[in-house]
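# Breakdown of the fold
Each chain is listed here by its residues.
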Amino acid sequence: MKILGLSFGKKNANCDILCKEALYGAKEAFPDAEITFINTQRLHIDRCIGCGACSGALEHGKDNDCIIKDDFQMVENQVREADALIVAAPVYVLQPVGQYKNFVDRFGCRHDVSAINWVLDKRRTGEMPGDPDAFPLERFKRRTVSYISVGGATTEDWTSMGTAGLHLLGFPVMMQVVSNYNANSMGTVGNPYLDQDLIDTMHEIGKRTAQALEMDPKDVEYYNPKGQGTCPVCHQNLLMVDGTTTVTCPICGIHGTISIDGDKLRVEFSEAQKARARGTFAGLREHTTEIQGFGAICGPKIMANKEFLDEQMKRIKNFDELINA
Ligand SMILES: Cc1cc2nc3c(=O)[nH]c(=O)nc-3n(C[C@H](O)[C@H](O)[C@H](O)COP(=O)(O)O)c2cc1C
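Residues numbered from 1 in each chain as written. Predicted model: local features only at pLDDT ≥ 70, side-chain atom pairs only at ≥ 80, totals over all residues. Heavy atoms only, no water.

## Some remarks on the pattern of salt bridges
Note the threshold: A side-chain nitrogen of Lys or Arg and a carboxyl oxygen of Asp or Glu constitute a salt bridge if their distance falls within 4 Å. Numbering goes from the N terminus for both helices and strands, where a helix is a DSSP run of H or I of at least four residues and a strand is a run of E of at least two. Burial here depends on accessible area, computed with a 1.4 Å probe over protein chains only, as a share of the maximum for the residue type. Under 20% is buried, over 50% is exposed, and the range in between is partly exposed.
If you walk through the whole model with that rule in mind, you get 19 salt bridges. In this structure, the salt-bridge partner of Arg208 is Glu204, at a minimum N-O distance of 2.8 Å. Note that Arg208 and Glu204 are positioned in helix H7 (residues 196-211) at a spacing of 4 residues, about one turn of the helix. A residue is classified by how much of its surface remains accessible, and Glu204, at 21% relative accessible area, is partly exposed. One salt bridge connects Lys218 with Asp216, and the closest N-O pair in it is separated by 3.3 Å. Lys218 sits in the exposed class, given a relative accessible area of 70%.

Written out as structure tokens, the structure reads:
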């Protein structure tokens, strides 16, 4: 069993402490586990530039490697090899630190289980070039993950998008989330050690994240002593509201209904909606189908308006010249 700890905080500071304590918990439960810890703070992980080279290569029969070469590949390889992950990132301005998003953007899309399988199916039918059996299917292996969001603020409203942002790493590759913990009030380095309950919780998170690997996925219970959250799938408390009684979980993309029960707000999601959450194969496949449909919708529209669009685009390409003319 390979367990990877990833910390996006400062070296030996709060994310490192909480991540490493969770790893100690995992090691206590599984003494034979192979543990790797990476602090990313001094690593160079550039942003995705949206070049499309990765998806283009996949559709042309190759692997979907990222063409930007930096420390991303080392971390990516570690995530691919890991069976269980403990990921800790600091909240910077309400969300996980920017470097985390850089990693997520370059990792997620390229590991989308549905999108890759869609291409492999096309390879099997000969509609796309490439050997479907040459693709390393171990990339789709079962993985468990726990996220730890670390913020200095004493109130949770200053860390409001921390755990939600962390959730975005694992859903394209369908990692099973065991815990997603908001460790706020962490202002000073070393602070976590002044709260033994918190350290115990980290050990429990580490232990459960590793134990979950040996369980039937259906039997794994989400663990968070702070509560189960509102969305039954991602366990976040964020909702999109539009003035009707239908609400949407922004993380899972599933729709629920709200009602008032005395002084309580009730939010319910049907089994059918849960089954199409973004981190399920069905949910990912909805998006693959949507993306693959873009060409049929946009292609004819663009061709029919080509001259007009070429003319309009001059306004953008020659902006500097035109704006001060
Ligand atoms: C630029 C910056 C922005 C921050 N924004 C927030 C914030 O919005 N909410 C919060 O709770 N803490 C915020 N913090 C505090 C950090 O999340 C906190 O110090 C955390 O412990 C840092 O993780 P580390 O100790 O592992 O480096 C911010 C820190 C920095 C440097």
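## Things to note about the site of the ligand
This is how the line gets drawn: Any residue with a non-hydrogen atom lying within 4 Å of a molecule or strand is treated as near it. Two N or O atoms count as a polar contact when they lie within 3.5 Å, although within protein this holds only if one can serve as hydrogen donor and the other as acceptor, and sequence-adjacent residues are included solely when both atoms are side-chain atoms. Each accessible area is a Shrake-Rupley result for a 1.4 Å probe, and residues are judged covered by the shown protein chains and nothing else. For this classification, Asp, Glu, Lys and Arg are treated as charged, while Ala, Val, Leu, Ile, Met, Phe, Trp, Tyr, Cys and Pro are nonpolar and the rest, including Gly, are polar.
Surrounding the ligand, one finds 18 residues, the nearest of these being Lys10, Cys15, Val91, Ala153 and Trp158. Contacts to the ligand include Asn14, whose side-chain N or O atom sits 3.0 Å from an oxygen atom. Burial of the ligand by the protein chains amounts to 76% of its free accessible area of 630 Å². Going through the elements one at a time, helix H1 (14-29) and strand E3 (84-92) are the ones with two or more residues in the shell around the ligand. Element by element, the count of residues in the shell around the ligand is highest for E3, at 3 residues. In terms of residue class, the shell around the ligand is made up of 11 nonpolar, 6 polar and 1 charged.

## Remarks on the sheet that holds strand E7 (residues 240-241)
Here is the rule we go by: Pairing between two strands requires that DSSP report at least two bridges joining them.
On the basis of which strands lie adjacent, the open sheet formed by 4 strands has the order E7-E8-E9-E10 and antiparallel pairing. Looking at which strands have only one partner, the edges of the open sheet turn out to be E7 and strand E10 (264-268). Relative to E10, strand E9 (residues 255-261) runs antiparallel, the two being bridged by 5 bridges. Residue pairing for E10: Thr257 is matched across the bridge by Glu268.

## Brief notes about unusual backbone geometry
Positive phi outside glycine occurs at Ser185, with the angle close to 60 degrees. Of note, Ser185 is situated in the loop between strand E6 (176-183) and H7. One non-glycine residue with positive phi stands out, namely His235, at about 65 degrees. Residue position: His235 is located in the loop between H7 and E7.

## Quick look at the nonpolar core
Rule in force here: Grouping buried Ala, Val, Leu, Ile, Met, Phe, Trp, Tyr and Cys residues that are joined through side-chain atoms within 4.5 Å yields what is termed a nonpolar core. Note on definitions: a residue-residue contact is assigned when non-hydrogen atoms from the two residues lie within 4.5 Å.
In this structure, Val79, Val87, Tyr100 and Phe103 are the most contacted members of the largest nonpolar core, which totals 30 residues. Among the secondary structure elements, those contributing two or more residues to this core are strand E1 (2-7), helix H3 (72-81), E3, helix H4 (98-108) and strand E5 (144-150). For this core, the element with the most residues is H4, which contributes 4 residues. Once you skip the residues sitting within four places of it in the chain, Tyr100 turns out to touch Phe8, Val87, Ala89, Tyr147, Gly165, Leu166 and Leu169. Core analysis: the second largest hydrophobic core is formed by 23 residues, Cys19, Ala84, Ala88 and Met202 among them.

## Some points on the packing of H1 against H7
Spelled out, the test is: All axes here are fitted lines through C-alpha atoms, helices being fitted over the stretch that makes contact, and every angle between N-to-C directions spans 0 to 180 degrees. Relative orientations are named as follows: roughly parallel for angles under 35 degrees, roughly antiparallel for angles over 145 degrees, roughly perpendicular for angles from 65 to 115 degrees, and oblique for any other angle. In a left-handed crossing the near helix is turned counterclockwise from the far helix by less than a right angle, and in a right-handed crossing that turn is clockwise.
Interhelical geometry of H1 versus H7 gives an angle of 55 degrees and a closest axis separation of 7 Å. Considering the angle they form, H1 stands oblique to H7. In this structure, the crossing between H1 and H7 has a hand that is right-handed. When H1 is examined against H7, the residues Leu18, Glu21, Ala22, Tyr24, Gly25, Ala26, Glu28 and Ala29 are found in contact with a partner set consisting of Leu198, Ile199, Met202, His203, Gly206, Lys207 and Ala210. Class assignment for the residues of the contact of H1 with H7 results in 9 nonpolar, 3 polar and 3 charged.

## Digging into the environment of Ala277
Looking at where Ala277 falls in the secondary structure, it is placed in the loop between helix H8 (271-274) and helix H9 (281-304). Sequence spacing of Ala277 and Ile251 is 26 residues, and the spatial spacing of their C-alpha atoms is 8.6 Å. Residues in contact with Ala277, not counting those within four places in the same chain, are Val233, Cys252, Ile254 and Gly283.

## As for H9
Here is the rule we go by: Here the expected span of a helix is defined as 1.5 Å times the quantity of residues minus one. The angle separating two fitted axes, one through the seven residues that finish at a residue and one through the seven that start at it, defines the bend at that residue.
Between its first and last C-alpha atoms H9 spans 36 Å; for 24 residues at 1.5 Å apiece the expected length is 34 Å, and the two agree. Taken as a whole, H9 carries its principal kink of about 30 degrees at Gly293. Residues of H9 that are buried include every one of Gly283, Leu284 and Thr288, and no others. Looking at the buried positions of H9, the neighbouring elements they touch are helix H5 (113-125).

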